[in-house]
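# Fold and geometry: a report
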Amino acid sequence: FIANVSHELKTPLAVMGNYATMLQQPGISEADRMEYAKAISHSSRRLAGLITNILKLNKLENQQIFPKHEAFDLSGQLCECLLQFEDAWDVKNLNIETDIQDDVRICSDAELLRLVWNNLISNAVKFTPEGGTIGVTLATDQRNVIVSVSDTGCGIEPETGKHIFEKFYQGDTSHATQGNGLGLALVKRVVDILNGEISVQSVVGEGSTFTVKFKRT
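Within each chain, residues carry numbers counting from 1 in the order of the written sequence. Given that the model is predicted, a residue must reach a pLDDT of at least 70 before its local features are reported, and side-chain atom pairs must reach 80 or more before they are shown or counted; all residues, however, enter totals for whole chains, interfaces and linings. Excluded from the side-chain calculation are hydrogens and water; included are all heavy atoms of the structure.

### Looking at the overall build of the protein chain
The secondary structure listing takes helices from DSSP runs of H or I that are at least 4 residues long and strands from runs of E that are at least 2 residues long, numbered from the N terminus. For the protein chain, the count of helices and strands is seven helices and seven strands. Taken from N to C terminus, the helices and strands of the protein chain fall in the order α-α-β-α-α-β-β-α-β-β-α-α-β-β. Here's how the labels work: a residue is buried when its accessible area is under 20% of the maximum for its type, exposed when over 50%, partly exposed in between, all with a 1.4 Å probe on protein chains only. Counting across all 217 residues of the protein chain, residues that qualify as buried make up 38%. We call two residues contacting when some pair of their heavy atoms lies within 4.5 Å. In the protein chain, 72% of the contacts between residues at least 6 apart in sequence involve partners at least 24 apart. Accessible surface, the protein chain as shown: approximately 12300 Å² in total, 50% of it carbon and sulfur. Residue burial considers only the protein chains on display, and all accessible areas are found by Shrake-Rupley using a 1.4 Å probe.

### Considerations on the packing of helix α5 (residues 110-127) against helix α7 (residues 183-193)
To get an axis, a line is fitted to the C-alpha atoms, and for a helix only the part in contact is used. The angle between two axes follows their N-to-C directions and goes from 0 to 180 degrees. Viewed as axis vectors pointing N to C, α5 and α7 meet at an angle of 145 degrees, and their least axial separation amounts to 9 Å. Note that α5 runs across α7; the crossing there is left-handed. Judged by residue contacts, Leu112, Leu115, Val116, Asn119, Leu120 and Asn123 of α5 engage Gly183, Leu184, Leu186, Val187, Val190 and Val191 from α7. Under the scheme applied here, ten amino acids are nonpolar (Ala, Val, Leu, Ile, Met, Phe, Trp, Tyr, Cys and Pro), four are charged (Asp, Glu, Lys and Arg), and all others, including Gly, are polar. Within the contact of α5 with α7, the residues separate by chemical class into nine nonpolar, three polar and no charged. By definition, any crossing whose near helix is turned counterclockwise from its far helix by less than a right angle is left-handed, and any crossing with a clockwise turn is right-handed.

### Brief notes about helix α3 (residues 74-83)
Every buried residue belonging to α3 is among Leu74, Ser75, Gln77, Leu78, Cys81 and Leu82, and all of these are buried. Projected down its long axis, α3 carries its buried residues within an arc of 165 degrees, all on one side. To be clear, the arc concerns the directions from the helix axis to the C-beta atoms.

### What to know about the packing of α3 against α5
In contact at an axis separation of 10 Å, α3 and α5 are set at 45 degrees when each is read in the N-to-C sense. Relative to α5, the element α3 is oriented oblique. In the packing of α3 onto α5, the handedness of the crossing is right-handed. Here Leu74, Gln77, Leu78, Glu80, Cys81 and Leu82 of α3 come into contact with α5, specifically with Ala110, Leu113, Arg114, Trp117, Asn118 and Ile121. An angle below 35 degrees is treated as roughly parallel, one above 145 as roughly antiparallel, one from 65 to 115 as roughly perpendicular, and anything else as oblique.

### Some points on the side chain of serine 148
The topology assignment puts serine 148 in strand β5 (residues 144-151). A relative accessible area of 14% means that serine 148 is categorised as buried. Under this definition, polar contacts are N or O atom pairs within 3.5 Å; protein pairs additionally need one hydrogen-donor-capable and one acceptor-capable atom, and for neighbouring residues in sequence, both atoms have to be side-chain atoms. Of the polar contacts made by the side chain of serine 148, one reaches the side chain of threonine 211; its length is 3.1 Å. With residues near it in sequence (within four places) discarded, serine 148 still touches Gly135, Val136, Thr137, Thr209, Phe210 and Thr211.

### Remarks on the state of the cysteines
Count a disulfide wherever a pair of cysteine sulfur atoms falls within 2.5 Å. Taken as a whole and assessed by the stated rule, the structure comprises zero disulfides. With no disulfide of its own, cysteine 81 lies closest to cysteine 79 among cysteine sulfurs, the gap being 9.4 Å.

Shown next, in the form of structure tokens:
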């Protein structure tokens, strides 16, 4: 774990250091200056996100975060989380398909569940190619509340699927610069703490569907 953390910290720090050095060169153009500054800003945000996720995961794994069980509107929360990524899906011209059952209220920790939906939707946007489709569904049966987030992205190899919820595991290294390998580990830990289940179904070249299931209370 320490070796992985060190590696993940070194990458954005190296980028920031290199661009900071380039910014000090005399006579650089305004366009280059802006490009270097943006690169430093992007890497600093990535570094901050990594540190935040490490701290969250540490607290979750050491049971320093105790879930709050309060009634809230899950339907509304899912819609709010999805809309936060509107700019990102517009850039890639993605199709958004939703089938969210109205007025589904549950008793759970709203803040922790928001982390789950944000991570799953963010991954769907990241791995879906331009013009692809993302789906978000919410349904209930007599015993369960079921949320699914799907995409038409690259899919997951069977071997990768066995490790997908492990810390720092990134099966698709072509997207490694967009994440830090902790998102799904956080998701899995939150779902476990809230006594839920998470599963993934995937076909390489066709896409993936993550399904989260909670008992109705």
